[in-house]
Amino acid sequence: MTLSVRIEQQGGPEVLQLVETSVPPPGPGQLRVRHEAIGLNFIEIYQRSGVYKIPLPGGLGAEAAGIVDAVGPEVGGFAVGDRIAYAGGPLGAYSEERLLPAANAVKLPAGVSSEAAAALMLKGMTAWYLLHQTFPVRPGHTLLVHAAAGGVASILVPWAKHLGAIVIGTAGSPEKAELAKAAGCDHVLLYRDREFAPEVRRLTDGAGVDVVYDSVGKDTFNGSLDSLRRRGMMVSFGNASGKVPPFEPILLSEKGSLFLTRPTLAHYTGTRPELEAAANALFEVIAKGIVQPQIRRRYPLREVARAQTELAGRHTTGSSVLLP
Ligand SMILES: NC(=O)c1ccc[n+]([C@@H]2O[C@H](COP(=O)([O-])OP(=O)(O)OC[C@H]3O[C@@H](n4cnc5c(N)ncnc54)[C@H](OP(=O)(O)O)[C@@H]3O)[C@@H](O)[C@H]2O)c1
């Protein structure tokens, strides 16, 4: 029997149930994977609380790394004992062992531990598509990155600096501001109780930034639009403070003929070649030391409710992992 987390209805952290199950042999196209480390991601807060719909009852968790302990029929390219990781689901990563479509797994290079993979895969492939595809960052571009001490941003910021960008970060406390600076931000603004857009204008000689990477949502959306240059790109990729309320598209015209996109990882890694391109780009920057795992909290899987409470309560920085 192995431990996994089950959710029957959405709600507070108390809906996360620990259950013992037995994992059957893998079916066609599947691997059975024994997890060594599981990624903790903000999307799981939305999925647990009801901001996003999920199939119920079911599992939770989208990212983990571990060892293949059985290979189903019709699977090529994987063998028992392989070290693999996956990000983006299917839900059920909050578990000691699970079945996984082989199409979702990538083999880990020797230099990437399971903990590092669980800390980096989902957040790092997100950073990759945001910087390389959603808005291809070139030397000299100026970026505004919210929650710059957080998980995704702790990967995105050093990668953006490597690409030659100037990075303005925001952070929720002076301690987080220090971490954001250490990650590579050129400037960090405390945005909890003060408006950041006038400061961004001042730092850019009135011009505004080329792109905003906004994962905070409701609380920052308007300030982010006000921070952009004419025809700048608003990338709204998360809603940690709540969903952005509806608005009239004319607002984008009034604020400078702005572009707006609301991307999600699955639409950039949905095919095998896309997944491999994202994973390989990430493994390359890890191998070069440009991106490093910033694992600041480790929780036993049994303490998943505490882990989620601390992430949702803005108490974490960098990546957190759950350990089976
Ligand atoms: N679209 C995609 O493909 C994709 C993929 C991965 C992640 N994401 C999004 O990226 C964001 C970051 O994910 P993560 O797992 O790395 O989390 P994280 O950034 O480590 O944690 C979220 C951070 O958001 C900030 N925040 C601002 N207002 C908040 C509020 N009212 N409640 C809670 N947090 C608030 C906090 O930092 P401060 O205290 O510094 O403000 C908090 O630490 C999330 O919005 C997530 O949904 C999107």
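Calculation rules
Sequence order as written defines the numbering, with residues in each chain counted from 1. This being a predicted model, a pLDDT of at least 70 is required before a residue's local features are given, and a value of 80 or more before pairs of side-chain atoms are given or counted; all residues contribute to the totals for chains, interfaces and linings. Values shown for side chains rest on all heavy atoms present in the structure; no hydrogens or waters enter the calculation. Only runs of H or I of at least four residues qualify as helices and only runs of E of at least two qualify as strands under DSSP, and these elements are numbered from the N terminus. The globule rule used for comparison is 2.2 Å times the number of residues to the exponent 0.38, while the radius of gyration itself is calculated over C-alpha atoms. Each residue is placed in one exposure class: buried if its accessible area under a 1.4 Å probe, protein chains only, is under 20% of its type's maximum, exposed if it is over 50%, and partly exposed if it falls in between. In this description, contact between two residues means that some pair of their heavy atoms is separated by no more than 4.5 Å. Neither His nor the chain termini are counted; the positive set is Lys and Arg, and the negative set is Asp and Glu. Note on charges: their place is set at NZ of Lys, CZ of Arg, CG of Asp or CD of Glu. Helix axes use the C-alpha atoms of the stretch in contact, all axes being lines fitted to C-alpha atoms, and the angles between their N-to-C directions lie in the range 0 to 180 degrees. The scheme is simple: roughly parallel for angles under 35 degrees, roughly antiparallel for over 145, roughly perpendicular for 65 to 115, oblique for anything else. Handedness of a crossing is defined here by the sense of rotation of the near helix relative to the far one, left-handed for an anticlockwise turn of less than a right angle and right-handed for a clockwise turn. We define a salt bridge as a side-chain nitrogen of Lys or Arg found within 4 Å of a carboxyl oxygen belonging to Asp or Glu. A cutoff of 4 Å decides nearness: a residue is near a molecule or strand if any of its heavy atoms lies inside that distance of it. By the criterion applied in these results, polar contacts are pairs of N or O atoms within 3.5 Å in which, for protein atoms, one can donate a hydrogen and the other can accept it, and in which residues neighboring in sequence qualify only through two side-chain atoms. Areas reported here follow the Shrake-Rupley algorithm with a probe of radius 1.4 Å; residue values treat only the protein chains shown as occluding. Only strands joined by at least two bridges in the DSSP assignment are considered to pair. Here, expected helix span is obtained from the residue count minus one, scaled by 1.5 Å. One axis fitted to the seven residues ending at a residue, another fitted to the seven starting there: the angle between these axes is the bend at that residue. Here a cavity is any set of points on a 1 Å grid over the protein atoms alone where a 1.4 Å probe fits but cannot get out, and a pocket is any open set with protein on both sides within 12 Å along at least 5 of 7 lines; a residue lines the site when it has an atom within 4 Å of a point. Grid points are joined across faces, edges and corners, and a volume is the space filled by probe spheres set on the points. Residues are sorted three ways: Asp, Glu, Lys and Arg are charged, Ala, Val, Leu, Ile, Met, Phe, Trp, Tyr, Cys and Pro are nonpolar, and all the rest, Gly among them, are polar.

Caption draft 1: Here's a closer look at the overall build of the protein chain. Helix and strand content of the protein chain: nine helices and 16 strands. Taking 324 residues into account, the globule formula puts the C-alpha radius of gyration at 20 Å, and the protein chain, at 20 Å, falls close to it. With the principal axes as the frame, the protein chain shows a C-alpha extent of 60 × 40 × 35 Å. The 324 residues of the protein chain split such that 54% are buried. Here the contacts in the protein chain between residues at least 6 apart in sequence split such that 69% fall between residues at least 24 apart. Positive and negative side-chain charges in the protein chain, numbering 32 and 30 respectively, have mean positions lying 3 Å apart.

Caption draft 2: Quick peek at the packing of helix α2 (residues 114-134) against helix α3 (residues 151-162). Contact pair α2 / α3: the axes reach a minimum separation of 8 Å and the direction vectors enclose 50°. When the interaxial angle is binned, α2 and α3 end up oblique. Remark: the crossing between α2 and α3 carries right-handed chirality. Across from Ala-119, Leu-120, Lys-123, Gly-124, Thr-126, Ala-127, Trp-128, Leu-130, Leu-131 and His-132 in α2, the residues of α3 making contact are Gly-151, Val-152, Ile-155, Leu-156, Trp-159 and Ala-160.

Caption draft 3: Region of interest: the pattern of salt bridges. Inspection of every chain in the model, using the stated rule, returns 16 salt bridges. Among the salt bridges present, the one from Glu-97 reaches Arg-32, with a minimum N-O distance of 3.4 Å. On the criterion of sequence distance, the pair formed by Glu-97 in strand β7 (residues 97-101) and Arg-32 in strand β3 (residues 30-39) is long-range, its members being 65 residues apart. With respect to class, Glu-97 is no different from Arg-32; both count as buried. Where salt bridges share partners, they join Arg-297, Glu-303, Arg-306 and Glu-310 into one cluster.

Caption draft 4: Here's a closer look at the site of the ligand. Residues in contact with the ligand amount to 30 residues; listed here are only the nearest, Tyr-46, Tyr-129, Lys-176, Tyr-191 and Arg-314. Here Leu-265 contributes a backbone N or O atom positioned 2.8 Å from an oxygen atom of the ligand. For the ligand, whose free accessible area comes to 910 Å², the fraction covered by protein is 93%. Of all the secondary-structure elements, those providing two or more residues to the shell around the ligand are α2, α3 and α9 (304-312).

Caption draft 5: Expanded view of the sheet that holds strand β1 (residues 2-7). Here we have three strands laid out as an open sheet, ordered β2-β1-β4, and antiparallel in their pairing. Two strands bound the open sheet, and with one partner strand each, they are β2 (17-21) and β4 (58-59). Pairing analysis gives five bridges linking β1 to β2, with the strands arranged antiparallel. Of the residues in β2, the one forming a bridge with Leu-3 is Glu-20.

Caption draft 6: Structural context of the pairing of strand β6 (residues 83-87). In terms of burial, β6 is a largely internal element, four of the five residues being buried. Alignment of strand β5 (residues 63-71) against β6, held across five bridges, turns out to be antiparallel. Bridging from a neighbouring strand, Glu-63 pairs with Ala-87 of β6. With two bridges joining them, β6 and strand β8 (residues 106-107) adopt antiparallel strand pairing. Looking at β8, one finds that Ile-84 is bridged to Lys-107.

Caption draft 7: Just the side chain of Asn-41, in detail. With respect to the helices and strands, Asn-41 occurs in the loop between β3 and α1 (43-49). Other than its neighbours up to four places away in sequence, Asn-41 contacts Glu-63, Leu-122, Lys-123 and Leu-311.

Caption draft 8: Quick peek at α3. Most of α3 sits inside the fold, with 10 of its 12 residues counted as buried. For α3, every residue scored as buried is listed here: Gly-151, Val-152, Ala-153, Ser-154, Ile-155, Leu-156, Val-157, Pro-158, Trp-159 and Ala-160. Remark: Gly-164 follows α3 within two positions and exhibits a positive phi of approximately 95°.

Caption draft 9: A look at α2. In this model, α2 (21 residues) spans 28 Å end to end at C-alpha, consistent with the 30 Å of a helix rising 1.5 Å per residue. Leu-120 marks the point of greatest bend in α2, at about 45°. Within α2, 18 of the 21 residues are buried, which leaves the element mostly enclosed by the surrounding structure.

Caption draft 10: Examining the layout of surface pockets more closely. When its volume is computed, the second largest pocket comes out at roughly 230 Å³. Around the second largest pocket, the lining is made up of 14 residues, and of these Ser-4, Val-5, Gly-59, Gly-92 and Ser-95 lie nearest the centre. The set of elements that each furnish at least two residues to the lining of the second largest pocket consists of β1, β2, β4 and β7. With three residues, the single largest contributor to the lining of the second largest pocket is β1. Of the residues belonging to the lining of the second largest pocket, the class tally is five nonpolar, six polar and three charged.

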